[in-house]
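# Geometric and topological summary
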Amino acid sequence: MGNIRSFCITWARRLCPGCGSEDDDKADDLTHVEMGAVTGQDNQPNSTGLEDDGNGNSRSQPPQRRDLNGWRVSGQPWEQTKPKTKPITSGSDKGTQVTVEIHSEDTPLKPIRILSLEKGSQRLPGLRGHNNKGFQGTEAPRPPGAKDLHAYPWDKSSLKSMPVDLQQLKKLDDYALKVNVKSSVEDLVKALLKQARTELEKVRAIWMWICHHIEYDVVGYHNKSQLSSKAEDVLQMGKSICEGYAELFEQMCSIAGVQCKKLSGHAKGYGYKIGQTFTGNSDHAWNAVYIEGRWHLLDSTWGSGSVDDSFTKFTRRYNEFYFLTHPALFINNHFPDNSNWQLLKPTLTLKEFENNMLHSSNFYTLGLLASHPETPIIQTVNGKASVSVDCRSGTLFTFKLKGTDEHGLMTLKKHGMKLDIYPQETGRHKLEIFAKPSKAEASDGVYSCVLEYMVECESVDEAARFPKDLHQPVGPSWFSERQGFLRPSHREPTIHTNDGRCSLTFTLGKDISVLSSLHADGSGLAEDMGRRHIMQIRRGNQIELKLHLPHAGNFVLKIYSKKRSDPGNYDYIFNYLITCLNTEVKWPAFPQSYSKWMEDYEILEPLSGLLPANRNVQFKLKMHGIAKVLVQAENTYPLTHNRGCWEGTCNTSGCREVFVMVHENANHSFYSHVLKYEVEAQ
């Protein structure tokens, strides 16, 4: 039967998918699963939690998959989301206790952490190189030296600890994925090495095969079947716990003649909670490999796949990030028992590891560079807290504060984003930051969770309540410029007006037609009336948006566009927050316009859509290509053409409505309505 080892698995429940709130303190079950013969060994539960991760949705979701990074994602109305993931973790070779957290299918997956047993558990035999024909045995791995060390903090130069050309390795990757040998570990390595010559190629072939052929043993785990981390057993079964990944990797490298060491330590994986401390024995295992005269780190468990929320299904989801990860990034969530295996200069203490900000692998693969603040727990000041992210190029961001994006203002910058949040309740709130590539080819519409903070709020800024229609991010940005809105007159996300009026201008790209609307909470401002509080004026490639607010309060100005030549619908581009504190403000809407009113026509006067009764009202309209213009009230009043404008006077006595009509062709006898005014009650 081999050495006997016992495993204790502790379930840790995470985010409640139905309401978006955390349920971190619940432990649903404690199950003992034994490997080999049944023994009387006691397994002492380890209290180390594993981080959870939510999808930011406030509605019930079906079981969700999570990759082994465990990070969550959130979608916008026009986009879909993919699971945020965290890695699986495994125990040390002294025996293991497992803590597993479950996530629903649409929420991100986090690593499964296998916690070590108490001292006294029998140790699995060490796996050394075999001097089989055609294979080279390896000496005992040497400890890391000065030449193995990398500077900390990360220098932002590379995600990997050595140059790796993934395109050149693609042929080898494809070959390794197709190898189907299970007669023995030696035969498998022999087959893989047919296309691998260098140390890097050998390690790469082994890495790709394990990540794509070994799955986490969720079925055996639930059925209390025998669990084994021995390399031969892992190969034959095609599944294992996390420690089995590291054992198999170590033996395959040994057979291939590459020095490899299985490392143990603490990991910020599945079930980890912000601010958590690590005590007791190790809870994870990974590997170090010796390539081209230097040690490098990798984690095949976290590179392999994901489990669903009920921990009943494993889904392979390959993660390149954990192959030869730069040590200054690997330390983000891997803390080895022996600090020399951090491969860093200087090394971090366990306290520093606990206090450092946790970035998901998506943070780095999306090209993000840094986040501020650099501590995971932040406090509000006068009800406000601020977060920013730096990146190399345009990236799209969104956020969830306690499951919603209503209580903040996020703005996109050319090289990152800035977020001000205003929690509307005191206490602790989870803040999640999501990002996605901005490139046109990134058509999957998926946001991935890249950061999590815990926000501690002692006081609430009740004035910072934003309209529900406000869409994140807010204000113009590189993204709106890419859509053709250039040189905005107002670059900040919020526009403050004291008299209830404001004007915005943009230079437009070619062939762009614009539509805008005004929205407010609880004001009874219908969509069509919201548009009538905005006047759009097109002058060549310039557009002006004049706003007259109906009352004081907070409003959302939404801006849409489409190609002029496109008969389809308008696409949402961006929005502003418009604020007015003057309670005396009460502007009427602009006159209603009809389809014959062209976007480059302009009303000079009267701007108000509500005309005084029993008055002579002066009209001045800038219109081109028109033969005649009439104003129809109780009587009809012709306007005269003077220097590009149609001018004249109309008397509003005896009428409730006034229409402006145009005669487009002097040879035609009919007129078209272009504007409609209302007249005050007498």
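Remember, predicted model here, so these are calculated numbers, not experimental data.

Reading the values: the criteria
Residues numbered from 1 in each chain as written. Predicted model: local features only at pLDDT ≥ 70, side-chain atom pairs only at ≥ 80, totals over all residues. Heavy atoms only, no water. Helix = DSSP H or I, 4+ residues; strand = E, 2+ residues; numbered from the N terminus. Buried < 20%, exposed > 50% of the residue type's maximum accessible area, 1.4 Å probe, protein only. Contact = heavy atoms within 4.5 Å. Areas by Shrake-Rupley, 256 points an atom, 1.4 Å probe, with all protein chains shown as cover. Axes fitted to C-alpha atoms, helices over the stretch in contact; angles between N-to-C directions. Left-handed = near helix turned anticlockwise from the far one by under 90°. Nonpolar A, V, L, I, M, F, W, Y, C, P; charged D, E, K, R; others polar. Salt bridge = Lys/Arg side-chain N within 4 Å of Asp/Glu carboxyl O. Phe/Tyr/Trp six-rings, centres within 6.5 Å; stacked < 30°, edge-to-face > 60°. Lys NZ or Arg CZ within 6 Å of the ring centre and 35° of its normal. Pairing = 2+ DSSP bridges. Disulfide = S-S within 2.5 Å. Polar contact = N/O pair within 3.5 Å; in protein donor to acceptor, adjacent residues only side chain to side chain. pLDDT = per-residue confidence, 0-100.

## Things to note about the overall build of the protein
In terms of helices and strands, the protein carries eleven helices and 43 strands. Scored against the burial criterion, the 682 residues of the protein give a buried share of 57%. For the protein, the share of sequence-separated contacts (at least 6 apart) that also reach a separation of at least 24 residues comes to 70%. By element, 47% of the accessible surface of the protein is carried by carbon and sulfur atoms, the whole surface being about 28800 Å².

## Quick word on the packing of helix α2 (residues 185-192) against helix α6 (residues 242-256)
At a minimum axis distance of 9 Å, the contact between α2 and α6 shows a crossing angle of 60 degrees. When the axes of α2 and α6 are compared, the crossing they make is right-handed. Residue-level inspection shows V185, E186, L188, V189 and L192 of α2 in contact with α6, the latter providing L248, Q251, M252, I255 and A256. Looking at side-chain class alone, the contact of α2 with α6 contains eight nonpolar, one polar and one charged residues.

## Points about the pattern of salt bridges
Scanning the model with the defined rule gives 21 salt bridges in all. Here K170 and D174 are joined by a salt bridge, their closest N and O atoms 3.1 Å apart. Here D174 and K170 lie together in helix α1 (residues 170-178), a separation of four residues that amounts to about one turn. Between D173 and R204 there is a salt bridge, with its nearest N and O atoms 2.9 Å apart. Placement of the pair is D173 in helix α1 and R204 in helix α3 (residues 199-213), with a sequence separation of 31 residues. The residues D173 and R204 share a single accessibility class, namely buried.

## Things to note about the packing of aromatic side chains
For the structure shown, the criterion picks out 22 aromatic pairs. When the centroid spacing of 6.2 Å and the interplanar angle of 70 degrees are considered together, the rings of W207 and Y318 count as edge-to-face. You can see W207 sitting in helix α3 and its partner Y318 sitting in the loop between β16 (314-316) and α7 (327-330), a full 111 residues away along the chain. Exposure remark for W207: the relative accessible area of 0% places this residue in the buried category. Taking the relative accessible area as the measure of exposure, Y318 reaches 29% and is therefore partly exposed. Ring geometry for Y272 versus F278: centroids 6.1 Å apart, planes at 5 degrees, classification stacked. A relative accessible area of 2% means that Y272 is categorised as buried. Looking at F278, the relative accessible area reads 4%, which means it is buried. Across from the ring centre of F323, 4.7 Å away, lies the NZ or CZ of R204, which sits over that ring.

## Digging into unusual backbone geometry
Following Y152, the chain continues to P153 via a peptide bond in cis, the omega torsion being 5 degrees. Relative to the assigned elements, P153 resides in the loop between β9 (150-151) and α1. Following H372, the chain continues into P373 via a peptide bond in cis, with omega recorded as 0 degrees. Within the fold, P373 resides in the loop between β19 (368-372) and β20 (377-379). The phi dihedral of N382 falls on the positive side, at around 55 degrees, and the residue is not glycine. Mapped onto the secondary structure, N382 falls in the loop between β20 and β21 (385-391). With relative accessibility at 66%, the residue N382 sits in the exposed group. The phi dihedral of R643 falls on the positive side, at around 55 degrees, and the residue is not glycine. In this fold, R643 is placed in the loop between β40 (636-642) and β41 (645-651).

## Focus: the sheet that holds β19
Across the sheet, which stays open at both edges, the four strands sit in the order β19-β21-β24-β23 with antiparallel pairing between neighbours. Both outer strands of the open sheet, β19 and β23 (408-413), are each paired with one neighbouring strand and no more. Ignoring strand direction, the axes of neighbouring strands in this sheet form an average angle of 10 degrees. Judged from the six bridges that link them, β23 and strand β24 (residues 416-421) form a sheet pairing that is antiparallel. Paired with L412 across the two strands is M417, which belongs to β24.

## Details of the state of the cysteines
Counted according to the given criterion, the structure contains zero disulfides. Between C253, a cysteine without a disulfide, and C260, which holds the nearest cysteine sulfur, the sulfur-to-sulfur distance is 4.1 Å. Just so you know, C580 is unpaired, no disulfide at all, and the nearest cysteine sulfur is the one on C502, 9.4 Å from it.

## Re the environment of H284
The residue H284 is located in strand β13 (residues 284-291) in this model. We classify H284 as buried; its relative accessible area is 0%. In this structure the side chain of H284 is engaged in a polar contact, spanning 3.3 Å, whose partner is the side chain of W302.

## Things to note about the environment of L344
Residue position: L344 is located in strand β18 (residues 344-345). The exposure class assigned to L344 is buried, which follows from its relative accessible area of 2%.

## Description of the packing of α3 against α6
Helix packing geometry: the angle between the two helix axes and the distance between the axes. As a packed pair, α3 and α6 sit with axes 10 Å apart at the nearest point and diverge in direction by 150 degrees. The two elements α3 and α6 cross, and the hand of that crossing is right-handed. Contacts from K202, V203, I206, W207 and I210 of α3 reach α6 at Y245, L248, F249, M252, C253 and A256. Among the residues forming the contact of α3 with α6, the class breakdown is ten nonpolar, no polar and one charged.

## Brief notes about the sheet that holds strand β30 (residues 512-519)
Here four strands make up an open sheet; going across it, the order is β28-β34-β33-β30 and the pairing mixed. Sheet topology places β28 (494-496) and β30 at the edges, where each strand pairs with a single neighbour. Adjacent strand axes in the sheet meet at a mean angle of 25 degrees when their direction is disregarded.

## What about the pairing of β23?
Of all six residues making up β23, five are buried, and the element is well covered by its neighbours. Connecting the antiparallel pair β23 and β24 is a turn made up of two residues.

## Observations concerning the confidence of the model for the protein
Taken residue by residue, the protein gives an average pLDDT of 81. The fraction at 70 or more is 77%. Counting interchain partners and residues more than four positions distant, the pLDDT-below-50 stretch residues 1-70 has 311 contacts. Predicted confidence is poor over residues 72-136, with pLDDT under 50, and the contacts of this stretch with residues over four places away or in other chains come to 381 contacts.

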